[in-house]
Amino acid sequence: MLLTQLEYFVAVSREEHFGRAAAACFISASALSEAIRKLETELGVPLVRRGRAYEGLTPEGEAVLVWARRMIADHRALKDEVQSALGRMTGVVRVGVIPSGVSLAARLLAEVCAVHPELRVRLISGMTSEQVVAGLRSFELDAGLLHPAAVADDIRHILVETDRLVVVGASKGAAIGDRIELADLASRDVCVLEPGMRARQILDEAMAGVGVRLRPVVEADSVEALLALARTGDWVSVVPRSAVPTDAASIGVKMAEIANPEVRMPIVLATLSEEPRPPLSLAVDAAAQRLAGRKK
């Protein structure tokens, strides 16, 4: 059994298409298909349902996928461990982040790369907390920034930051002052994150607590989209405070604090609770510890 065969198999399961999987692995579709057939022959079971196209994994394939991901991750961690022992940290660290954590992710990754300049980073944004957890469990992420509500026993986490929601509108013309009552958002043309995102759920829960219901005019899947919508001057948007620079006018918006009550959002760094811990996971964790320590 070759590691490349497992990598091709995982790519097929991820892409759900032989051609796309082959392109992702930089080989021909026929070479990829042949490698997977050899893996099936060695294991003695079919792993992939084949018709005229990819039709999913067999039950045996689903079981093998779990081990294939783990073996690939362990091989990667082994190479990283050797480099770390030599005083170098190389490779690609993969971090998933929820929309309200993008600003924090930028600071966290700058901290990581300042200590380990040879590292490269792959930042996957716009994820839900549940998607981040799934990415950790499938070994497709090394770390993630998410809301603590999604954390389970197999996930290690530390509180890095507690953000809060604010209202932004166009720097010229938006009818907002320095503060806005939470209940008043119910009567405004507001843009917010999609309902499946935890920051939106926190906002909805807070508004229910003051006896009102939000009726947004636009729902978006990213904070960047909300800022762009606010700059049009037609609406205001609810975004994390960390997404707005100190000089809000520099990005074409002005900001109002939400009051009575404030709406706060804890953000944690999450990694798998596995031992031994992979070096890349440890590097991100250490950077998060340093950031959190500076806020105390």
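Whatever comes next refers back to the structure up there.
The model shown is predicted, which means the values in this text are computed figures rather than measured ones. (Residues numbered from 1 in each chain as written. Predicted model: local features only at pLDDT ≥ 70, side-chain atom pairs only at ≥ 80, totals over all residues. Heavy atoms only, no water.)

1. A short note on the overall build of the chain
The helix and strand inventory of the chain stands at 9 helices and 12 strands. Overall size of the chain, expressed as C-alpha extent along the three principal axes, is 70 × 50 × 35 Å. Out of the 296 residues in the chain, the part that is buried amounts to 45%. Summarising the internal contacts of the chain: among those between residues at least 6 apart in sequence, 73% fall at separations of at least 24. Surface exposure of the chain reaches about 14,400 Å², of which carbon and sulfur atoms provide 52%. For the chain, the separation between the mean place of its 35 positive charges and that of its 38 negative charges on side chains is 3 Å. (Helix = DSSP H or I, 4+ residues; strand = E, 2+ residues; numbered from the N terminus. Buried < 20%, exposed > 50% of the residue type's maximum accessible area, 1.4 Å probe, protein only. Contact = heavy atoms within 4.5 Å. Areas by Shrake-Rupley, 256 points an atom, 1.4 Å probe, with all protein chains shown as cover. Lys, Arg positive; Asp, Glu negative; His and termini not counted. Charge placed at Lys NZ, Arg CZ, Asp CG, Glu CD.)

2. Quick notes on the nonpolar core
Formed by 35 residues in total, the largest nonpolar core has its most connected members in V167, L185, L203, V238 and I258. Broken down by secondary-structure element, the contributors of at least two residues to this core are β6 (155-170), β8 (190-193), α7 (198-209), α8 (223-231), β10 (236-240) and β11 (253-259). The next biggest cluster of nonpolar side chains, apart from the first, holds 22 residues, and it includes M89, L109, I267 and L269. (Core = buried A, V, L, I, M, F, W, Y, C linked by side-chain atoms within 4.5 Å.)

3. With respect to the packing of helix α1 (residues 3-15) against helix α4 (residues 59-85)
Helix packing for two helices is described by the angle between their axes and how far apart those axes are. Viewed as axis vectors pointing N to C, α1 and α4 meet at an angle of 120 degrees, and their least axial separation amounts to 9 Å. As judged from the angle between their axes, α1 and α4 are oblique. Once α1 is placed against α4, the crossing between them reads as left-handed. Taken together, the residues of α4 that come into contact with α1 (itself represented by L3, L6, E7, F9, V10 and S13) are G61, V64, L65, A68, R69, M71, I72 and H75. Along the lines of polarity and charge, the residues of the contact of α1 with α4 split into 9 nonpolar, 3 polar and 2 charged. (Axes fitted to C-alpha atoms, helices over the stretch in contact; angles between N-to-C directions. Parallel < 35°, antiparallel > 145°, perpendicular 65-115°, else oblique. Left-handed = near helix turned anticlockwise from the far one by under 90°. Nonpolar A, V, L, I, M, F, W, Y, C, P; charged D, E, K, R; others polar.)

4. Remarks on the packing of aromatic side chains
Here the structure, examined in full by the defined rule, presents 1 aromatic pair. Aromatic pair F18 and Y54: ring centres 6.2 Å apart, planes at 70 degrees, arrangement edge-to-face. Of this pair, F18 sits in helix α2 (residues 18-25) while Y54 sits in strand β2 (residues 54-57), placing them 36 residues apart in sequence. Judged by its relative accessible area of 15%, F18 is buried. The buried category is assigned to Y54, whose relative accessible area is 17%. (Phe/Tyr/Trp six-rings, centres within 6.5 Å; stacked < 30°, edge-to-face > 60°.)

5. Some remarks on the side chain of S100
Within the secondary structure layout, S100 lies in the loop between β3 (92-97) and α5 (102-115). On the accessibility criterion, S100 (4% relative accessible area) is buried. Reaching out from S100, the side chain makes a polar contact with the side chain of H147 at a distance of 3.5 Å. Apart from residues no more than four positions distant in its own chain, S100 is found in contact with H147, D163, A199, V223, P240, S242, M265 and I267. (Polar contact = N/O pair within 3.5 Å; in protein donor to acceptor, adjacent residues only side chain to side chain.)

6. Some remarks on the environment of M265
Topologically, M265 is positioned in strand β12 (residues 264-272). Given a relative accessible area of 0%, M265 falls into the buried group. Counting along the chain gives 114 residues from M265 to V151, while the straight-line C-alpha distance between them is 15 Å. Those residues within four positions of M265 in sequence are excluded, and the remaining contacts are S100, H147, E161, T162, D163, L165, A199, I202 and P240.

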